Amino acid sequence: MTENDKASSPPTVADRGAAAAIAVDHLVKVYKQTRAVDDISFSLPRGSITGLLGGNGAGKTTTIAMIMGLVLPTSGRVQVLGHRMPEESAAVLGRMNFESPYVDMPMRLTVRQNLTVFGKLYAVSNLSDRIARLADDLDLTDFIDRANGKLSAGQKTRVALAKALINQPELLLLDEPTASLDPDTADWVRAHLERYRRQHDATILLASHNMLEVERLCDRVIIMKRGRIEDDDTPDSIMARYNRTTLEEVFLDVARGRVNGAKEAAK
Amino acid sequence: MSELSLHRGISLHRIGAMILRYWYLLLSSWPRLLELLYWPALQVITWGFLQLYIAENANFFARAGGTLIGAVILWDILFRGQLGFSISFLEEMWARNIGNLMMSPLRPIEFLLSLMVMSLIRLAIGIIPMTLLALVMFHFNVYALGLPLIAFFCNLIFTSWSVGIFVSGLVLRNGLGAESIVWTLMFAILPLACVYYPVSVLPVWLQYVAWALPPTYVFEGMRALLIENTFRTDLMLGALAMNAGLLVASFWAFLALLRSAKKHGSLLSSGE
């Protein structure tokens, strides 16, 4: 094959994976009889914010867990920042981070102690300055020396976000980042995520049930149902395709099996 | 980002970070510190008085002064060494922090090394006061055993780490429903390792099982030293060889159980 042939040939999965922040290719996860994730493929460009939408059991958390390397796929492959997961996880885990309702920070440690431990795990240089900066940005200063277990839900979420940002990750995976937060705190967290993406050209993948959150933050939406990708486009295009004015209405159409009807009506 | 690394990517920074995490936890909780002291002290007092009583009434025990109290101290090194390892691991499960750690650059071997260091720290907090109590109350100076004590200690701590690594893998794979194994598995070894009596007491077929356990060699070695004033190098080398095999096997089992946990999604649901 000549150089010209190479230039004109379509990109392979590996090529796309190298260029993308996340490349998922024919990913399948089967738990006993259940196909939690059923042959999904997508690729997220660097610097994008993508929302993973779907009802309970749609496969969002399993998909994110496979991207993180916490769950092994039954088949298919995942590439993160150009490296295969989980085989090459050592090359990328320091460049990514995550927040999830399935994990907590140690409760007895103070916020400062927790951030110190995680900062050292991620080999963050000038750690004291980094913690001071995060405390300032995320408004943690008033309770930075208080035990994590004595914080309110909103404060804990901000601390978890600080942990997720401690290493200034190129890739941020968020599972329900504003679940159980009051509207004011949730809005505040969203604003911070938008700012972080802008300032660091970071890639964010977030799983959420909050349609307003996805509409506001995401430039792309992947809708999952029963482990499969039901739709994948920009929020505006998806709403237009379903002839709906909000993603919540689209979500209900998908969840209640009104997909074809809604699409027909739009035509 | 600066990184102090050993060969094959093992990072002292990350091991240090985990030790710091457990150190913060210990300092934040006086009940945790008290528990480290409480049980060893209770053990040595109970068995120390029993030793005194038996020594007054049995000529053999008067000659073999310290075998019971020595055995209880060495047993506590074995048992508390494993608990020190496993409880630090369980703290991550109780705190639902395993996912954070597994998603961080921390490698399994670094995690296990930090747990080993913590088992030594927790052991020191509990055992040093215990040995001082034995010295003051019962005039038994375990440090007078000299260099053999180091051989006994190393062999016991290696076994305790092997058991700790294996049961941590089981909990990782099966969730906190398997927690009771952490507290009970070592007691299965207690009668077979012949902590308080010689191997010759066991039926012949059970003696084969006993000699398959490294701690048996240590307790036999201790009795040889205290009763016959003989240090059995052969016993210590035998135990060391078996411990090396056990450590490799337990690490392999931990990795296999971790892989199985990832396959079954157990890391996301670390409850019961």
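Residues numbered from 1 in each chain as written. Chains lettered and ligands numbered in written order. Predicted model: local features only at pLDDT ≥ 70, side-chain atom pairs only at ≥ 80, totals over all residues.

1. Describing the pairing of strand β9 (residues 220–225) of chain A
Residues and elements named next belong to chain A. With six of six residues buried, β9 lies mostly within the body of the structure. Every second residue of β9 is oriented toward a common face, with Arg220, Ile222 and Met224 on one face and Val221, Ile223 and Lys225 on the other, all of them buried. Pairing analysis gives four bridges linking strand β3 (residues 49–53) to β9, with the strands arranged parallel. Counted as the bridge partner of Gly51 is Val221 from β9. Two strands pair when backbone bridges link them, and β9 and strand β10 (residues 228–233) are joined in this way by five bridges, in the antiparallel orientation. Paired with Met224 across the two strands is Ile229, which belongs to β10. In this antiparallel pair of consecutive strands, β9 and β10, the connection spans two residues, and Arg226 shows a positive phi of 50°. (Buried ≥ 20, exposed ≤ 12 C-beta atoms within 10 Å, placed from the backbone. Helix = DSSP H or I, 4+ residues; strand = E, 2+ residues; numbered from the N terminus. Pairing = 2+ DSSP bridges.)

2. Things to note about the interface of chain A and chain B
Note on interface size: it is often stated as the accessible area lost on association of the parts. Counting residues at the interface gives 29 residues for chain A, matched by 29 residues for chain B. Among the secondary structure elements, those contributing two or more residues to the side of chain A that touches chain B are α3 (60–68) and α5 (111–121) of chain A. Among the residues making up the side of chain A that touches chain B, the classes are represented as 21 nonpolar, five polar and three charged. (Contact = placed C-beta atoms within 7 Å. Nonpolar A, V, L, I, M, F, W, Y, C, P; charged D, E, K, R; others polar.)

3. Digging into the sheet that holds β9(A)
Residues and elements named next belong to chain A. The strand order across the open sheet formed by six strands is β6-β7-β8-β3-β9-β10, and the pairing between neighbours is mixed. On the outer flanks of this sheet lie β6 (96–99) and β10, each paired with one strand and no other. Neighbour to neighbour, the strand axes of the sheet diverge by 15° on average, direction disregarded. Bridge analysis of strand β7 (residues 171–175) against strand β8 (residues 203–208) gives five bridges, and the strand direction is parallel. Looking across to β8, one finds that Leu173 is bridged to Leu205. Docked against the sheet, α3 engages β3, β6, β7, β8 and β9, running at close to 150° with respect to β7. (Axes fitted to C-alpha atoms, helices over the stretch in contact; angles between N-to-C directions.)

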